[in-house]
Amino acid sequence: MALRVAIVGPGRVGRAFGRRLARQRATLLGFVGRQQASAAAAVAGCGAGRALSLADLAAAHCVVFAVGDGELRDCVAAAAAATAAAGRPGLWLHTSGRFGLEVFAGLARPGLRFGALHPVAPFPDEGTGERAMAGAPAVLLGGPDGLPLLRRLARLLGLVPIAAGPGDRLLYHAACALAANGLTALRALVDELLAAAGGLAPADAANVAAALLQGALRGSAELGPAAALSGPVRRGDAGTVAAHLGALAAAAPHAVPAYRALMRAALDLAVGRGLGAAAAAAVARALEATPDGARGADCG
Ligand SMILES: NC(=O)c1ccc[n+]([C@@H]2O[C@H](COP(=O)([O-])OP(=O)(O)OC[C@H]3O[C@@H](n4cnc5c(N)ncnc54)[C@H](OP(=O)(O)O)[C@@H]3O)[C@@H](O)[C@H]2O)c1
């Protein structure tokens, strides 16, 4: 039987899910939106389903809550109140990386199961998100009664299901944010510094940034981050680190805290890989010192 899916939250994730499900062997019932207009726009974008009321959720096998983290609990409570009389079994799940199953606490109802399906992909817009889902992991939380349906839904979305235990969800989410958003912010900073350095055509600068970031990711995946580390910190070259800080303080002082924080973390890796105590101490001193280019200026 085709899975009947309803989506609460016609935003980036909700629309990407809807677009994907509309092309699969699933029946997209439609969207519940905060405003009728955004649900209608999501329906039009998917070419399937209709704008739903909360009471309509009772007809779904799967209800996907893809609302913002700040709205999730209230939204689940409103849906529970609107469907209380229906008592139909099904699976309610949310897409948040931040929360676990606690958002469904107190909603026990015969036959109703609860879960989380965190799509481990960036959704800057629904089209990019839909493409990014292909082959990306879906981290699932659920009991034995909910996991089979969560796995089925993940596969329909083109995701590769991974079952997880509860763990520290907030720490998990912080790690995800650092990996996705932190890397994006780092790329922007690298682009800015290469542009300020001059000497490279923009397309060549973009190639340099991409090659280094991709090479670092590939090396970390193949060897582990510590073994993949290269560069002045790994070599214990305190003079070059101090010179970098001086150049940054002069040309892009806002980049100094990021350089310091990341190179301190790199130093920990280098020490773990056998960098000698004297060289490590010299690099640590260079990282703490006021950079030459910043004398008299506050560069954090
Ligand atoms: N973006 C990502 O990269 C990403 C990746 C993985 C997981 N997630 C998770 O997925 C969830 C959704 O994220 P998103 O990026 O799709 O957020 P989003 O683009 O801000 O979309 C949230 C949607 O929920 C709607 N909404 C809010 N309150 C509602 C309510 N009471 N009833 C019905 N709809 C309501 C909003 O309506 P309005 O349009 O009226 O504001 C909006 O359409 C979050 O938990 C997020 O952590 C996001």
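Calculation rules
- Residues numbered from 1 in each chain as written.
- Predicted model: local features only at pLDDT ≥ 70, side-chain atom pairs only at ≥ 80, totals over all residues.
- Heavy atoms only, no water.
- Near = heavy atom within 4 Å.
- Polar contact = N/O pair within 3.5 Å; in protein donor to acceptor, adjacent residues only side chain to side chain.
- Areas by Shrake-Rupley, 256 points an atom, 1.4 Å probe, with all protein chains shown as cover.
- 1 Å grid on protein atoms, 1.4 Å probe; cavity = no way out; pocket = protein on both sides within 12 Å on 5 of 7 lines; lining within 4 Å.
- Sits in = over half its atoms within 2 Å of the grid points.
- Points joined across faces, edges and corners; volume = space filled by probe spheres on them.
- Helix = DSSP H or I, 4+ residues; strand = E, 2+ residues; numbered from the N terminus.
- Nonpolar A, V, L, I, M, F, W, Y, C, P; charged D, E, K, R; others polar.
- Patch = residues over 30% accessible without salt bridge, like charges linked within 9 Å, V, L, I, M, F, W, Y side chains within 5 Å.
- Salt bridge = Lys/Arg side-chain N within 4 Å of Asp/Glu carboxyl O.
- Core = buried A, V, L, I, M, F, W, Y, C linked by side-chain atoms within 4.5 Å.
- Buried < 20%, exposed > 50% of the residue type's maximum accessible area, 1.4 Å probe, protein only.
- Contact = heavy atoms within 4.5 Å.
- Domains from an automatic or database assignment.
- Buried area = accessible area lost by both parts, 1.4 Å probe.
- Pairing = 2+ DSSP bridges.

Caption draft 1: Quick peek at the site of the ligand. Every one of the 23 residues lining the ligand counts as a neighbour, but Val13, Arg34, Gln35, Asp69 and Thr95 are closest to it. In this structure, an oxygen atom belonging to the ligand sits 2.8 Å away from a side-chain N or O atom of glutamine 35. Here the ligand, which alone exposes 900 Å², has 77% of that area covered by the protein. When atom positions are compared with the pocket grids, the ligand is found to occupy the second largest pocket.

Caption draft 2: Here's a closer look at empty space enclosed by the protein. Under the defined criterion, the tally for this structure stands at one cavity of 30 Å³ or more. If you go around the largest cavity, you meet 13 residues; those closest to its centre are Leu57, Ala58, Arg88, Trp92 and Leu112. Top element by residues in the lining of the largest cavity is strand 5 (residues 90–94). It accounts for three residues. For the lining of the largest cavity, a count of residues per class yields eight nonpolar, three polar and two charged.

Caption draft 3: Broad picture of a nonpolar patch on the surface. A cluster of nonpolar side chains, Leu200, Val208 and Leu212, forms an exposed patch at the surface whose accessible area comes to about 260 Å². Its location among the elements puts valine 208 in helix 7 (residues 202–223).

Caption draft 4: Layout of the nonpolar core. In this structure, Phe17, Leu117 and Leu153 are the most contacted members of the largest nonpolar core, which totals 34 residues. Within the residue set of this core, elements represented by two or more residues are strand 1 (3–8), helix 1 (12–22), strand 2 (26–32), helix 2 (36–46), strand 4 (62–65), strand 5, strand 7 (137–142) and helix 5 (147–156). For this core, the element with the most residues is helix 5, which contributes six residues. Once residues lying within four places of it in the same chain are set aside, the contact partners of leucine 153 are Leu3, Val5, Leu21, Cys62, Val64, Leu93 and Leu117. Judged by nonpolar contacts, the second largest core, of 22 residues, contains Val8, Leu52, Ala79 and Phe99.

Caption draft 5: Inspection of the domain arrangement of the protein chain at higher detail. Taken as a whole, the protein chain is organised into domain 1 (3–167) and domain 2 (170–294). Spacing between the C-alpha centres of domain 1 and domain 2 amounts to 38 Å. Carbon and sulfur atoms supply 62% of the area buried between domain 1 and domain 2, which totals about 430 Å² over both sides. Summed over the three residues of domain 1 that lose the most area to domain 2, namely Gly97, Arg98 and His118, the buried surface amounts to 73% of that side. Run the count over domain 1 and domain 2 and you get zero salt bridges. In this structure, the connection of domain 1 to domain 2 is made through one residue pair in polar contact (both at pLDDT 80 or more). Looking at the side of domain 1 that touches domain 2 residue by residue, the classes come out as two nonpolar, two polar and two charged.

Caption draft 6: Representation of the environment of valine 13 within the structure. Residue placement: valine 13 occurs in helix 1. Counting along the chain gives 161 residues from valine 13 to alanine 174, while the straight-line C-alpha distance between them is 19 Å. With sequence-adjacent residues up to four places away left out, valine 13 is seen in contact with Ala66, Thr95, Pro119 and Phe123.

Caption draft 7: Spatial organisation of the pairing of strand 6 (residues 112–119). Within strand 6, seven of the eight residues are buried, leaving the element largely enclosed by the surrounding structure. In the sheet, strand 5 pairs with strand 6 via five bridges, with the strands oriented parallel. The residue bridging leucine 93 from the neighbouring strand is glycine 115, located in strand 6. With five bridges joining them, strand 6 and strand 7 adopt antiparallel strand pairing. Along strand 7, the bridge assignment pairs proline 119 with alanine 138.

Caption draft 8: The arrangement of the environment of leucine 287 in detail. Note that leucine 287 resides in helix 12 (residues 277–288). Residue contacts for leucine 287: discarding those within four places in its chain leaves Val241, Leu245, Tyr259, Arg260, Met263, Arg264 and Leu267.

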